[in-house]
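The residues making up each chain are set out below.
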Amino acid sequence: MSTATTTAHSTEDGALRWFRRLMWAGIIANVVVGIVSIAYTPQVLALAKVDPATPLVWPRLSAMLVMLLAGFYIPAAIDPCAHRFSAVFAVVCRFAGTIFMAVVGGHYIIFGLFDFVFGAPQAICLYLAWQRMKGAPDGRASGSTIVALLAGLLAVGAFAWGAFQWLTQPVLPAFASDEEFFKYGSIGNDGAGGIPYPIWIAMPDVCAHHLPRPQGYAAFGLLYERGRNPAIDPPIGFSRAKVGVERMAINCAVCHTVRARLAADAEPQFYVGAAANTVDIQGYLRFLSRCAADDRFTPDHLIPAMAAKVKLSWLDRLTYRFVLIPFVRRRLLEQGEDLAWANRRPAWGPGRIDPFNPVKFGMLHLADDETIGNSDMQAVWNLNSREQIRPSAPLHWDGLNNSVREVVISSALGDGAVAREFSFPAMERIERFLRALPPPPSPHRPDAAAVERGKVLFAANCAECHAADGKRTLTVISVAEVGTDINRSHMWTELARDAYNNFREGRDWGFKSFRKIPGYVAEPLGGLWLNGPYLHNGSVPTLRDLLEPPAQRPAAFVRGLDVVDARNGGFVAPSCDPRQQPAEGFCFDTRLVGNGNDGHVYGTALSAAEKSDLLAYLLTF
Amino acid sequence: MTDADALTIGWTQAQAATRRIAYRRLLGFNLIVQTAVGLIAVVVPVWLAHKADLPGPPSSGWVQLWGVMLLIMAILYLPGCIEPVHVRWPNVVGIVARFVLAVAYVRLGQGLRWFALYELAFAVALAWSYRQLLRAELMSRP
């Protein structure tokens, strides 16, 4: 026997021997994983980070099937030559599992990686054994080895990709109620826009000098429910999800939940779906970028502040020091630069936002057109009843879309949701919740006789546009007719409409309902008592002021207070001097561009007594 | 070998062939149904969970996982279906697996009890048919 033949035989034996060993290893692994998964199901689910299973018998059934499948692998493990079909099918099935789990995605990819760990080397060994058994002439063996090496490298790369996918998939907490999900659930922006939780809770301590008041994030009007610790717990409107590390990201509730007190000394109440009145989103975003630019945004300052609130392992400390803190700093600075255009426009102030210019200039990559879209945050309740009033009722202040589904999804995109993390079920859950969410009834109890008289006045002066059966309710009224500040309407351009309808970027679906209609939507009155300040830009503090001619409406008033004004409608909003910001709230100046309080003069010509009666009626909504 | 012996062997071989065809048809039908259920579970898990009254409701990922494992099991069964006499292991494991699955489905309850009934019926039928096949094959070899 020649040396070459001896070598070939020993290689053949080696490849087959390794294939058999790997087959047995796979069988044993299947059985062990199956038994452990049945015995310690919740722990295994947590370790694998897969969806919670209810009932637990589902993962247990899967575990049992994994063990049963191992039984089919045994012939190939005993004698792959005698059971060639079984050997090939065993490898094929490992790959089928891998590919399927990669397609399903999410954390299920861990099951695919499990199959891949055995399937890839098994396939390579089987290939080598097959090549040798074919009796390839000398020289071909090295070709097979090269193919096997390349396949091995490819396999390592594929495994690394899968492991990365698994590690960076969000781990989202489950919420039993839709309301809790709305307040604290993820909208798919945690990985792309979330700030690592330990850094997020340390920032108010490290950058306290950048806060308007020494109240942590509450200084920006963020809402903390009773029993929650503002030092460590998320406020309403923030999700806490794990994407590699735990992260904090905003959700819909940050702009659509209001805190209200019926008196200065009353316990605050939270109303989900209402327009946030106290939240200063721009102030919050500016704080983040200012803190990132601060000399104290360093591992030496941040890590002790983080460690005072959360437990950090030595590995955590190293990761934060050399990777996460520098990375977060860079991202926050970039975010600040991306929003620099807003510094050339009037401040939003609490309860207000420019919702679409960030989308235009950021997501849609349109040029800065100098428009100002500052507007009051909007209540988002009762979406079903809107459609009962008028099918395909317009949404947003200017009715730029009339599809609830599209508005929910596009709002999530505007808040930083990305295709990779996007979840249609989450969007559908929010939509379902908002469609059925009724506005809270008014707590005001004005004089009944005045209310009756006011009802008549309402029918004569307001009902056409604001009654549930008004013929123009939930239609877009032209700016020329209503006369209110034109900037918000100008902000939404034909260019933006087309860009959004054509926007895909990583998705195989898109929008089709964005449109441009110059004007503002005539809204129905549900929840009116929580909607102040009034008009689309929040430029009129109370309902009583809205019944006055524009020249007599307050030129400057304090926004962001949460005490309900039972006499005038809306929230308590004392006059102020914009040159001197108040200790609490924000002095809103109607003389700045985009803040104008002109227009909507309906009812302003009524007598003082009639205005009181009409106001009494309006206070009941 | 006498003419009578030759006739007897010919008859037993024909018997074995008949049993083989019967077993393969039975198993083939079973695997087709299993593949169909697996595909439905993979493609429309929520619909299947609703229609079949599966316990839970489970997240769609778990139903898909169940479906893909049914498909993999069907693939691994194929060598046994193609050569039931020479490749006995998948057939034996498959029959045992059906009994085990039947018990598991009964324990899971709700709509899966129908699956348990199906698996049990086929486990018994396949076991009986396979035993008949092996006996006939044995008798066909003097």
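Source: prediction; values computed, not measured.

**Student:** Can you walk me through the overall build of chain B in this structure?
**Tutor:** Each helix and strand in chain B was counted, giving five helices and zero strands. Walking chain B from its N terminus toward its C terminus, one meets helices and strands in the order α-α-α-α-α. Put simply, chain B has 142 residues, and 37% of those count as buried. Looking at chain B alone, contacts between residues at least 24 apart form 65% of all its contacts between residues at least 6 apart.

**Student:** How do you make sense of the nonpolar core when you look at a structure like this?
**Tutor:** Here is a general trend for soluble globular proteins: nonpolar side chains tend to be buried in one another's company. I199, C255, C291, L302 and L618 of chain A are the most contacted members of the largest nonpolar core, which totals 108 residues. Broken down by element, this core gets its largest block of residues, seven residues, from helix α9 (residues 197–206) of chain A. There are two domains that each give this core at least three residues, and those are domain 2 (178–254 + 281–347) and domain 3 (375–443 + 463–601) of chain A. Setting aside anything within four residues of it in sequence, one finds C255 of chain A in contact with A276, V279, I281, I353 and M377 of chain A. Formed by 76 residues, the second largest nonpolar core is a distinct cluster that contains L65 and F111 of chain A together with A74 and A97 of chain B.

**Student:** What am I meant to see in the pairing of strand β2 (residues 238–243) of chain A here?
**Tutor:** Bridge analysis of β2 of chain A against strand β3 (residues 245–250) of chain A gives six bridges, and the strand direction is antiparallel. Counterpart to K242 of chain A in the pairing with β3 of chain A is E246 of chain A.

**Student:** What's the story with the sheet that holds strand β1 (residues 195–196) of chain A in this structure? I'm lost.
**Tutor:** All names here are of chain A. Across the sheet, which stays open at both edges, the three strands sit in the order β1-β3-β2 with antiparallel pairing between neighbours. Looking at which strands have only one partner, the edges of the open sheet turn out to be β1 and β2. Where β1 lies against β3, two bridges are found, and the strand directions are antiparallel. Bridge pairing links P196 to R247 in β3.

**Student:** I would appreciate a short explanation of the interface of chain B and chain A in the present structure.
**Tutor:** Interface size, as often reported, equals the accessible area lost upon joining of the parts. Facing 25 residues of chain B, the contacting portion of chain A comprises 32 residues. Of all elements in the fold, only α3 (60–82) and α4 (89–108) of chain B reach the threshold of two or more residues within the side of chain B that touches chain A. Per-class residue counts for the side of chain B that touches chain A are 21 nonpolar, four polar and no charged.

**Student:** Just to check I follow, could you spell out helix α11 (residues 299–307) of chain A for this structure?
**Tutor:** Every α-helix winds through 3.6 residues per turn, so residues three or four apart in the chain are directed the same way. Residue and element names in this part refer to chain A. For α11, the complete set of buried residues consists of L302, I303 and M306. Axial view of α11: buried residues confined to an arc of 95°, hence all on one face. For α11, the elements touching its buried residues are α9 and α12 (314–338).

**Student:** Mind showing me how you'd approach the packing of helix α3 (residues 57–78) of chain A against α4 of chain B here?
**Tutor:** Helix-helix packing is characterised by the crossing angle of the two axes and by the distance between the axes. The geometry of α3 of chain A relative to α4 of chain B is characterised by a closest axis approach of 9 Å and an angle of 170° between their N-to-C directions. Between α3 of chain A and α4 of chain B, the angle is such that the two are roughly antiparallel. Contacts from V57, L61, M64, L68, G71, F72, I74 and P75 of chain A of α3 of chain A reach α4 of chain B at W89, P90, V93, A97, V100, A104 and L108 of chain B. Looking at side-chain class alone, the contact of α3 of chain A with α4 of chain B contains 14 nonpolar, one polar and no charged residues.

**Student:** Hey, could you run me through the environment of L27 of chain B in this one?
**Tutor:** Residue and element names in this part refer to chain B. Mapped onto the secondary structure, L27 falls in helix α1 (residues 3–43). With 50 residues separating them in the primary sequence, L27 and Y77 have C-alpha atoms 9.3 Å apart. Beyond its immediate chain neighbours, meaning those up to four positions away, L27 contacts C81 and L126.

**Student:** Could you clarify how one ought to interpret unusual backbone geometry in this entry?
**Tutor:** Among all residues save glycine, negative phi is the norm, and among peptide bonds the norm is trans. All names here are of chain A. Of the consecutive residues G532 and P533, the connecting peptide bond is found in the cis state with omega at -10°. Relative to the elements of secondary structure, P533 occurs in the loop between β9 (520–521) and α22 (543–546). Here H365, not a glycine, exhibits a phi torsion of approximately 55°, which is positive. Its place among the elements puts H365 in the loop between α13 (357–363) and β7 (375–376). Owing to 10 C-beta atoms within 10 Å, H365 belongs among the exposed residues under this scheme. Residue N382 is not a glycine yet carries a positive backbone phi of 60°. In this structure N382 comes out as buried when scored by C-beta crowding, with 20 C-beta atoms within 10 Å.

The rules behind the values
- Residues numbered from 1 in each chain as written.
- Chains lettered and ligands numbered in written order.
- Predicted model: local features only at pLDDT ≥ 70, side-chain atom pairs only at ≥ 80, totals over all residues.
- Helix = DSSP H or I, 4+ residues; strand = E, 2+ residues; numbered from the N terminus.
- Buried ≥ 20, exposed ≤ 12 C-beta atoms within 10 Å, placed from the backbone.
- Contact = placed C-beta atoms within 7 Å.
- Core = buried A, V, L, I, M, F, W, Y, C linked by C-beta atoms within 7 Å.
- Domains from an automatic or database assignment.
- Pairing = 2+ DSSP bridges.
- Nonpolar A, V, L, I, M, F, W, Y, C, P; charged D, E, K, R; others polar.
- Arc of directions from axis to C-beta.
- Axes fitted to C-alpha atoms, helices over the stretch in contact; angles between N-to-C directions.
- Parallel < 35°, antiparallel > 145°, perpendicular 65-115°, else oblique.

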